[in-house]
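Coordinate inspection notes
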Amino acid sequence: MEQDTIRYDSLEARPLPKWLTDQRDGLNTYQPPKLEMKEDRSLNVSFIITGAFILLTVILLTVYLLHKKKRSDTPSQPSPRGKESARFFE
Amino acid sequence: MKPVQIKTIILAGLLSLACTTKVSEWVLLNSLPDKYLLVLYHKTPLTESVRNQNREFSEKISSANVVFRTLSRENIVEPYYALYYNDRLFSEYHNYSELEGIAFSPLRNKIAAELMSGKLGVMLYLKCGNEEKDERGLKIIRNTVSSSPFGEIIPVIELGRNNPEEKHLVSMLLNVESDLKDINEPMLFGVFGRFRVLEPLLAKGISEENIDLMIDFLTADCSCLIKDDLPGINILFDGSWENPLPAMANRILDENPELLHH
């Protein structure tokens, strides 16, 4: 019935029934999606992220420690509160 | 186990079975045949004798897949009958006697009996009258069917295009597609279910490859795609489709699992 509107020039060119072409092409059944193997990059991504995290942590810690060391190396000035304390004990 | 759980398991089992039922079996068990519409067009009021005649005819075809109606129409000369299938005009009959055997004939009974006996389907070979062409096609069909693992459950039945006893069946077959009446070539119709007829293979299309595809179609798992859009048409037939014998194809598939395809 599907072919009622299809025109053809000769009997040789007459289209085959739809049920037959569907059966031949496997379209009469549900077609599950084709599974294709894709390159798995998750391990690389994981390495990169972990590396970056470690690097960042090391940099931050280094900066922090250097900053702390620098502060401890510079001589500290007496605080105004110290003067007050001294005055208190005079 | 609770009754609800048991019911759920049974339902799940039935659903899983439904998905593996073969096309031919599923259609026979579940697909009701489409109905034809036979209309008597008349201009003048129907006489008492015609009304009696119509009543008698309605009773005669009451169990067939056809609905009979009368319709008054102004623009006609003589009353006539028109047979429709899904809004397509199949045939016109100009007197009551032409309707004789519209819903039953010996060959239709024979085909229905084959289908009800559990056969996979029937290959109905409509010959064109050209002996050379008819023989060539028949030879291919017989060779292909006999070499198929399902060969024993696929009867091949021949039908002459000019067989007067089967004129209604021939007319319906040639209406499966709108251009078939103009093609004088042998045609092979796959018949299955409740007299469902596939669009035919014809002329050089009657090949080993295409016949194998027809058998594949009938033995494939019934998919929703097929259920929703069943190909072909139903033939007008007055017969019972209740309690068919088990499908023979299942036995063959059970014994030969390598034949299973989806």
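These numbers come from a predicted model, not from an experiment.

Some words on the domain arrangement of chain B
Residue and element names in this part refer to chain B.
- Taken as a whole, chain B is organised into domain 1 (23-33 + 105-259) and domain 2 (36-99).
- The straight-line distance from the C-alpha centre of domain 1 to that of domain 2 is 29 Å.
- Contributing elements (two or more residues each) for the side of domain 1 that touches domain 2: α6 (167-173) and β10 (233-234).
- Of the residues contributing to the side of domain 1 that touches domain 2, the split by class is five nonpolar, three polar and one charged.

Some points on the nonpolar core
- Core analysis: the biggest nonpolar cluster contains 59 residues, and L173, F189 and V197 of chain B have the highest contact counts within it.
- With near-sequence residues (within four places) excluded, V197 of chain B lies in contact with L173, V176, F189, V191, G232, I233 and I235 of chain B.

Points about the pairing of strand β7 (residues 187-192) of chain B
Residue and element names in this part refer to chain B.
- Counting buried residues along β7, six of its six residues qualify, which places the element largely inside the surrounding structure.
- With burial as the criterion, each face of β7 is covered, one bearing M187, F189 and V191 and the other bearing L188, G190 and F192.
- Of the strand pairs in this sheet, strand β5 (residues 122-127) and β7 are connected by five bridges, and their pairing is antiparallel. Of the residues in β7, the one forming a bridge with Y125 is L188.
- The pairing of β7 with strand β9 (residues 201-202) spans two bridges and is antiparallel. In the sheet register, M187 faces β9, and the bridge partner there is L202.

Reading the values: the criteria
Along each chain, residues carry numbers from 1 onward, in the same order as the chain's sequence is written. The order in which chains are written sets their letters, starting at A; the order in which ligands are written sets their numbers, starting at 1. Where totals are concerned, whole chains, interfaces and linings use all residues; where local detail is concerned, this predicted model gives features only for residues with pLDDT of at least 70, and gives and counts side-chain atom pairs only at 80 or more. For the domain bounds, the source is a domain assignment made automatically or taken from a database. Strands here mean DSSP runs of E at least two residues long; helices mean DSSP runs of H or I at least four residues long; both are numbered from the N terminus. When residues are grouped by polarity, Ala, Val, Leu, Ile, Met, Phe, Trp, Tyr, Cys and Pro land in nonpolar, Asp, Glu, Lys and Arg in charged, and all others, Gly among them, in polar. For our purposes the nonpolar core covers buried Ala, Val, Leu, Ile, Met, Phe, Trp, Tyr and Cys residues that link as a set through C-beta atoms within 7 Å. Burial in this document is a count-based property: other C-beta atoms within 10 Å of a residue's C-beta are tallied, and the residue is buried at 20 or more, exposed at 12 or fewer, or partly exposed in between, with C-beta positions derived from the backbone. Any residue pair is listed as a contact if its two C-beta atoms, each placed from the backbone, are within 7 Å. Here the rule is simple: two strands pair whenever DSSP picks up at least two bridges between them.

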